[in-house]
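Structure at a glance
Here is what each chain is made of, one letter per residue.
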Amino acid sequence: MRLEGLVSKIQSYLPGAELDLIRRAYEFSAEKHKNQRRASGEPYVSHPLAVASIIGDLRLDVPSVVSGLLHDTVEDTLTTIDQIESLFGTEVATLVDGVTKISQINFRTREEHRAENIRKMIIAMSEDLRVILIKLADRTHNMRTLAGLSPDKQAKVAQETLDIFAPLAHRLGIYWMKSEMEDNALHALHPEVFYQLKRAVAKKKTEREKHIREVQAVLIRQFEAAGMECVVHGRPKHFYSIYQKMRSQNLLYEQVYDLVAFRVVVDTKRECYEALGVVHGQWKPVPGRFKDYIALPKGNGYQSLHTTVIGPRGERIEVQIRSSEMHRFAEQGIAAHWTHKEGGGIDQEEIQRFQWLRQMLEWQQHVRDPSEFLHSFKEDLVPDEVYVFTPKGDLLHFPAGATIIDFAYRIHSEVGHRCTGARVSGRLVPLRYNLRNGDTIEIITTQHQQPSRDWLKIAATPRAKERVREWIKAEEATRSVEVGREILARDLSHFNLDLVQLSSDGTLDRVAQELGIEDFANLVTEVGYGKITARQVIERLVPADELDRPEVREGPMARLFRAVSRRPAANGIKVSGLDDVLVRVARCCDPLPGEAITGLMSHGHGVTVHSAECATALEADPQRRVQCVWHGKPDSLRPIRLEVLCVDQPGLLAAVSKAIAQTGVNIRNADARGIEDGKALNTFEVMVGDVADLTKVIRNLSRVKGVMRVDRVRG
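Residues numbered from 1 in each chain as written. Predicted model: local features only at pLDDT ≥ 70, side-chain atom pairs only at ≥ 80, totals over all residues. Heavy atoms only, no water.

**A few points about the overall build of the protein**
In plain terms, the rule: Each helix corresponds to a stretch of at least 4 residues labelled H or I by DSSP, and each strand to a stretch of at least 2 residues labelled E; elements are numbered beginning at the N terminus. Only protein chains enter the area calculation, which uses a 1.4 Å probe; residues under 20% of their type maximum are buried, those over 50% are exposed, and those in between are partly exposed. Two residues form a contact once any of their heavy atoms are found within 4.5 Å. Under the convention used here, a 1.4 Å probe and the Shrake-Rupley method define accessible areas, while residue burial counts only the protein chains that appear.
Looking only at helices and strands, one finds 31 helices and 20 strands in the protein. Among the 715 residues that make up the protein, the fraction classed as buried is 50%. A separation threshold of at least 6 residues defines the contact pool for the protein, and within that pool the share at least 24 residues apart is 66%. When the accessible surface of the protein is summed, it comes to about 34,800 Å², and 49% of that surface belongs to carbon and sulfur atoms.

Quick look at the structure:
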């Protein structure tokens, strides 16, 4: 791409574009980056020029294109935002500033930093969606040019893209960008799988193209007979979508039938339904495979009719039917709204179509715990959706797997707290009932109902989980105050000290501040939670020589607990801010040294250490969490179970065992069994020291030809 090519592209959809501004921006960017080169060795200015071209593919306005040309000048040169504003105007400066802040996100830093930066990205999206569109264009080009980076850097960028940016492109309705980023990420993360798919697809290219022509000819002939004008496209599915289907359904490539999707584009909404009748009149539809996204659009505004039929030669064919306007939106997503606007921009009415963004903005203001926020953010980016109705006929949509609890909390927090069940189409259903498309939900409440911790396992939406957690936190805080007062009063009485007197004269406020706590009320809560001991309080009230006088009785079990808790942790884990505390590793997730971990305080049971991604830890009250880190080198090997799904063929078990042995890891136990469709499921128990050992084993296994999936089995 050269400057004049970019200018021609912009002129093709914006005839009156301010081309001088684009040329000045290019010259400025070229000057600022003149001594810089990319990892591939190319002049750096090739990158902003390519980003601006991708922005042109999205058919965005001139300020967006100019911002694409300038997006790295503030971050990578001595240029300031004030200089950008004085030369190119406030609008461009605001966009460049927004993209610069998002570019500084580092998804491998501390969790709190990660969460805060993603919050900034959400806020930037709400203030001006063009910011995230420019960032997506930047990431798209970076994914096209990954080859210049080291393998580790490629893997890191690719994983970030799959976790955040490809789902964002999907949520914004820009499907071509999503698919391209996913295919490039698959190439970087699983090159062997990528090339196997590429070879398999190329092998059947002639047969596939013949099939596409045959189906197109039949459809066009049928539409002409019905007096309808339309355009019929046939396209092979993207590598990553094929890979996902193979993984999710445990299929081999030869077992994936609907590798081609057909798209029918007509003029109006009415003709979409007429075209559906023509398709179903020609071929029998597959039951349960029809979806009407025109009457019930997806959360990002996508509209189309989807059906699967039994086509020629008995093969399944996926057909998508949409109007030309729907097609334009499906190709460009939110970016389609800038195409015909004077001066660019997007109005509030159009932003309302993106209900998911409003919901994300709402819950991110309430979810304060970093682990829960990051977990929920990733889940919220890629939901399958169900559509249900209130008794008044209002339409609400939820992620697949949502329950009655999620519906109740969407109505109101108090309705959620008091919900005991619901009526769906006149029949009673329990709280754990999964919402289904078309359900009409009527919530049943009682004044005596209260949320429980089990609700956190039933609820699916961040909003509902956070409301339940807030309620539990308030209840636990109340109980902790009672427990804390009881513990302090009892232990202070051993030294003839009175809790009421010490709290009323301000003595315990002073002690609280010495312990880094705001006041006496918070001190009591911390004692109740077990984060502060009564002994720590008494040490600041009683002379050291009186602390262990005979009046203080300590039972044999208490002495044993204190002796055990003061031993150095054999598992090599340090708990931030707490000494002499009993530490144990959770069996539900069994974290390995080197893996991100978090601790949960338990009344009388010390700290239980979980993996940072463990569902139990994510659903626990944030007040119970304490920071934990691995300390020192692992001093022993740990048994870890791995499941390896592969093709059932001679010699593959030996190849898999050899791949494990090559990493220096010992196999303690192995079990191999054949399952359906010519596949085998092998379970290995291997001895590893830390997460680095485990990563090597999984990487080696993934490279074995015929291995389809490698999973760690926890618990």
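There's more to say after this.
**A word on the sheet that holds strand 19 (residues 679-688)**
Definition in use: Criterion used throughout: strands pair if DSSP finds at least two bridges between them. To obtain each axis, a line is fitted to C-alpha atoms, and for helices this fit is confined to the stretch in contact; angles are then taken between N-to-C directions over 0 to 180 degrees.
Taken in spatial order, the four strands line up as 18-19-17-20 in an open sheet, and their pairing is antiparallel. Both outer strands of the open sheet, strand 18 (666-675) and strand 20 (707-713), are each paired with one neighbouring strand and no more. Along the sheet, successive strands turn relative to each other by an average axial angle of 20°, direction set aside. With 10 bridges joining them, strand 17 (residues 638-647) and strand 19 adopt antiparallel strand pairing. Along strand 19, the bridge assignment pairs isoleucine 640 with valine 686. Sheet contacts for helix 31 (residues 691-702): strand 17, strand 19 and strand 20; angle to strand 17, the most-contacted strand, approximately 10°.

**Quick look at the nonpolar core**
To keep it simple, the criterion reads: Here, nonpolar core refers to any group of buried Ala, Val, Leu, Ile, Met, Phe, Trp, Tyr and Cys residues whose side-chain atoms link them within 4.5 Å.
By size, the foremost hydrophobic cluster in this structure holds 66 residues, and its most contacted members are Ile22, Val66, Leu70, Ile84, Phe88 and Leu136. Contacts of isoleucine 22, omitting those with residues within four sequence positions, involve Leu3, Leu6, Ile10, Val62, Val65, Val66 and Leu69.

**Regarding the pairing of strand 20**
As a general feature of sheets, a regular strand has side chains that alternate between the two faces. In terms of burial, strand 20 is largely enclosed, as five of its seven residues are buried. Looking at chain direction, strand 17 and strand 20 are connected through six bridges and run antiparallel. Its bridge partner lying in strand 20, glutamate 643 is registered against aspartate 711.

**A closer look at the side chain of threonine 390**
The topology assignment puts threonine 390 in the loop between strand 7 (385-389) and strand 8 (395-399). Each residue touching threonine 390, except ones within four places of it in the same chain, is listed here: Leu396, Phe407, Ile411, Thr440 and Ile441.

**Quick notes on unusual backbone geometry**
Here the phi dihedral of arginine 59 falls at roughly 60°; this positive angle occurs in a residue that is not glycine. If you trace the backbone, arginine 59 turns up in the loop between helix 3 (46-57) and helix 4 (62-70). At aspartate 590, a position not held by glycine, the phi torsion is positive, near 45°. Turning to its location among the elements, aspartate 590 is positioned in the loop between strand 13 (583-585) and strand 14 (597-602). Note on aspartate 590: relative accessible area 23%, which makes it partly exposed.

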